[in-house]
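What the coordinates show
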Amino acid sequence: QVQLVESGGGLVQAGGSLRLSCAASGSIFSFNGMAWYRQAPGKQRELVAFITRGGSTNYADSVKGRFTISRDNAKNTVYLQMNSLKPEDTAVYYCKGVGITTRWDSWGQGTQVTVSS
């Protein structure tokens, strides 16, 4: 199964930017799509952004216009560019490969993003 590893998290001031990376051990096209989720303390994990195999994207309303999901097919890497960050964006961010069925889903181990005031 394709393994996913996130990187790029850290501490940033409100209004700043971070770029998260999700590197896959195999082709990202083994999945139907790729997604970024996040989970803040005491809250449920939520979908942040999604990109289909064909390149279509969608976003949670809370991040629309600020975050951008993209990919580098040659590098088998998916990115989440996060601009105009807010303290409410503080969470552990997870990369997910969405399989044809949930049996073939793959999750990264997460990367911490902390946005300070």
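Look up a bit, the structure's there.
Since this is a predicted model, take the numbers as computed values, not measurements.

1. A closer look at the side chain of Glu6
With respect to the helices and strands, Glu6 occurs in strand 1 (residues 4-7). Buried charged residue Glu6 carries no salt bridge. Nearest counter-charge: Arg45, at 7.7 Å. A polar side-chain atom of Glu6 sits 2.8 Å from the main-chain amide nitrogen of Cys95. Looking at Glu6, its side chain comes within polar contact range of the main-chain nitrogen of Gln109, at 3.0 Å. Excluding anything up to four places from it in sequence, Glu6 contacts Ser21, Cys22, Trp36, Tyr93, Tyr94, Cys95, Gly108, Gln109, Gly110 and Thr111.

2. Brief notes about the pattern of salt bridges
Under the defined criterion, the tally for this structure stands at 5 salt bridges. Across the pair Lys64 and Asp61 runs a salt bridge whose closest N-O atoms are separated by 3.2 Å. Grouping residues by exposure puts Lys64 and Asp61 together as exposed. Between Asp105 and Lys96 there is a salt bridge, with the nearest N and O atoms lying 3.5 Å from each other. This pair shows no difference in class: Asp105 is buried, exactly as Lys96 is. In this structure, a network of salt bridges that share partners links the residues Arg38, Glu46, Arg66 and Asp89.

3. Here we look at the packing of aromatic side chains
Under the criterion given, the structure shown has 2 aromatic pairs. For the pair Tyr37 and Trp107, a centre-to-centre distance of 5.0 Å together with 55° between the ring planes defines the contact as tilted. Placement of Tyr37 in strand 4 (residues 33-39) and of Trp107 in strand 10 (residues 106-107) is noted, with a sequence separation of 70 residues between them. With a relative accessible area of 17%, Tyr37 lands in the buried category. Of the residues examined, Trp107 reaches a relative accessible area of 35% and is grouped as partly exposed. Ring geometry for Tyr94 against Trp107: centres 6.4 Å apart, planes inclined by 80°, an arrangement best described as edge-to-face. Here Tyr94 is found in strand 9 (residues 91-98), whereas its partner Trp107 is found in strand 10, with 13 residues between them in sequence.

Here is what the cut-offs are and how they apply
- Residues take numbers from 1 onward in each chain, read along the sequence in its written order.
- Local features in this predicted model are restricted to residues of pLDDT 70 or higher, and side-chain atom pairs are both shown and tallied only at a pLDDT of 80 or more, whereas totals for entire chains, interfaces and linings draw on every residue.
- Excluding hydrogens and water, the side-chain values take into account all heavy atoms of the structure.
- Helix and strand assignments follow DSSP, with helices taken as H or I runs no shorter than four residues and strands as E runs no shorter than two, numbered in order from the N terminus.
- Exposure is judged per residue with a 1.4 Å probe applied to protein chains only, and the accessible area is read against the type maximum: over 50% gives exposed, under 20% gives buried, and values in between give partly exposed.
- None of His or the chain ends enter the tally, which takes Lys and Arg as positive and Asp and Glu as negative.
- Within this document, salt bridges are pairs made up of a side-chain nitrogen of Lys or Arg and a carboxyl oxygen of Asp or Glu, the two lying within 4 Å of each other.
- Identification of polar contacts relies on pairs of N or O atoms within 3.5 Å, with a donor-acceptor requirement for protein atoms, meaning one able to donate a hydrogen and the other able to accept it, and with residues adjacent in sequence counted only if both atoms are side-chain atoms.
- Note on contacts: a residue pair qualifies if any of its non-hydrogen atoms lie within 4.5 Å across the two residues.
- Here a Phe, Tyr or Trp ring, Trp counted by its six-membered ring, pairs with any other such ring whose centre lies within 6.5 Å, and the pair is stacked when the planes are under 30 degrees apart, edge-to-face when over 60, and tilted otherwise.

Purely geometric stuff here, so don't read any function into it on its own.
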